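Summary of structural features
Listed below are the residues making up each chain.
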Amino acid sequence: MSIASETASAVFPTSAERPDADVVIYDGHCRFCQRQIQKLQWWDCQHKLAYLSLHDPEVARRYPDLTHEQMMREMYVVDRQGSRHHGAEALRYLSTRLRRLWWLAPALYFPFSLPLWQWLYRQIASRRYRWGTVDCGEEGCALHRPAKK
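The rules behind each value
- Residues numbered from 1 in each chain as written.
- Predicted model: local features only at pLDDT ≥ 70, side-chain atom pairs only at ≥ 80, totals over all residues.
- Heavy atoms only, no water.
- Helix = DSSP H or I, 4+ residues; strand = E, 2+ residues; numbered from the N terminus.
- Contact = heavy atoms within 4.5 Å.
- Areas by Shrake-Rupley, 256 points an atom, 1.4 Å probe, with all protein chains shown as cover.
- Core = buried A, V, L, I, M, F, W, Y, C linked by side-chain atoms within 4.5 Å.
- Buried < 20%, exposed > 50% of the residue type's maximum accessible area, 1.4 Å probe, protein only.
- Expected span 1.5 Å × (residues − 1).
- 1 Å grid on protein atoms, 1.4 Å probe; cavity = no way out; pocket = protein on both sides within 12 Å on 5 of 7 lines; lining within 4 Å.
- Points joined across faces, edges and corners; volume = space filled by probe spheres on them.
- Nonpolar A, V, L, I, M, F, W, Y, C, P; charged D, E, K, R; others polar.
- Lys, Arg positive; Asp, Glu negative; His and termini not counted.
- Salt bridge = Lys/Arg side-chain N within 4 Å of Asp/Glu carboxyl O.
- Polar contact = N/O pair within 3.5 Å; in protein donor to acceptor, adjacent residues only side chain to side chain.

Here we look at the overall build of the protein chain
When helices and strands are tallied, the protein chain shows 9 helices and 4 strands. Going from the N terminus to the C terminus, the protein chain shows its helices and strands as α-β-α-β-α-α-β-β-α-α-α-α-α. Once local pairs closer than 6 in sequence are excluded, the contacts in the protein chain between residues at least 24 apart make up 61%. Counting only carbon and sulfur atoms, one obtains 59% of the accessible surface of the protein chain, whose full area is about 9000 Å².

Here it is in structure tokens:
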């Protein structure tokens, strides 16, 4: 299955459908990311989240302060007040926002642990295409893999 058909089959609630929800901005071209968002939907039993692929033109229109490079590095959550949470800090935020993730909050909020969580998050995020992409096509894969020497 190609990325285009995979993306088309992954339909997540948008901010138009959930106008009062926090917005999760994720990499919609990444199968690993799509699977994580599918899991996040289950954790979100109270429907507090809406989802936008960073590749959707709506993201650039609504959040011009977020660069493509920033969003390719880390997931972003824009809360209802407009605050931006990214990477491990976004996971921290979600652990207190979503009832089913409460058990994760003590570990994520352990004093002085955020640098460790940020490092771990970035390690996973930088390798996501290796773990989640099969048959993405040369053009799509080339965007996310280091240049060959």
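Observations concerning the nonpolar core
One finds Val24, Leu40, Tyr51 and Leu94 to be the most contacted residues of the largest nonpolar core, which totals 18 residues. Elements represented by at least two residues in this core include exactly β1 (22-26), α2 (31-43), β2 (49-53), α5 (87-97) and α7 (114-126). Broken down by element, the residue count for this core peaks at 4 residues, all from α5. When residues no more than four places from it in sequence are discounted, the contact partners of Leu40 are Val24, Leu49, Tyr51, Leu94, Leu98 and Leu101. Core analysis: the next-biggest nonpolar cluster, separate from the first, contains 11 residues, Ile25, Val59, Tyr63 and Leu66 among them.

Things to note about the environment of Leu40
Residue position: Leu40 is located in helix α2. Between the C-alpha atom of Leu40 and that of Val24, which follows or precedes it by 16 residues, the distance is 9.8 Å.

What about α2?
The end-to-end C-alpha distance of α2 is 19 Å, a good match for the 18 Å that 13 residues give at a rise of 1.5 Å each. Of the residues making up α2, those classed as buried are Arg31, Phe32, Cys33, Gln34, Ile37 and Leu40.

What about the layout of surface pockets?
Empty space within the largest pocket amounts to approximately 750 Å³. Lining the largest pocket are 27 residues, with Phe32, Gln36, Met75, Leu91 and Tyr121 positioned closest to its centre. Among the secondary structure elements, those contributing two or more residues to the lining of the largest pocket are α2, α4 (68-73), α5 and α7. Per-element accounting of the lining of the largest pocket gives the leading share, 7 residues, to α2. Looking at the lining of the largest pocket, its residues break down into 21 nonpolar, 1 polar and 5 charged.

Comments concerning α5
Across the 11 residues of α5, 8 count as buried, placing the element largely inside the fold. Of all the positions in α5, only Gly87, Ala88, Ala90, Arg92, Tyr93, Leu94, Ser95 and Arg97 are classed as buried.

Topic: the side chain of Asp79
Tracing the chain through its elements places Asp79 in the loop between β3 (76-78) and β4 (84-86). Despite its burial, Asp79 remains without a salt bridge, the nearest opposite charge being carried by Arg80 at 7.0 Å. A distance of 2.9 Å separates a polar atom in the side chain of Asp79 from the backbone nitrogen of Ser83. Within polar-contact distance, the side chain of Asp79 engages the side chain of His85 at 2.9 Å.

A look at the pattern of salt bridges
By the definition in use, this model includes 7 salt bridges. In this structure, the salt-bridge partner of Arg18 is Asp44, at a minimum N-O distance of 3.4 Å. In this pair, Arg18 sits in the loop between α1 (3-9) and β1 while Asp44 sits in the loop between α2 and β2, placing the two residues 26 residues apart along the sequence. What makes Arg18 buried here is its relative accessible area of 18%.

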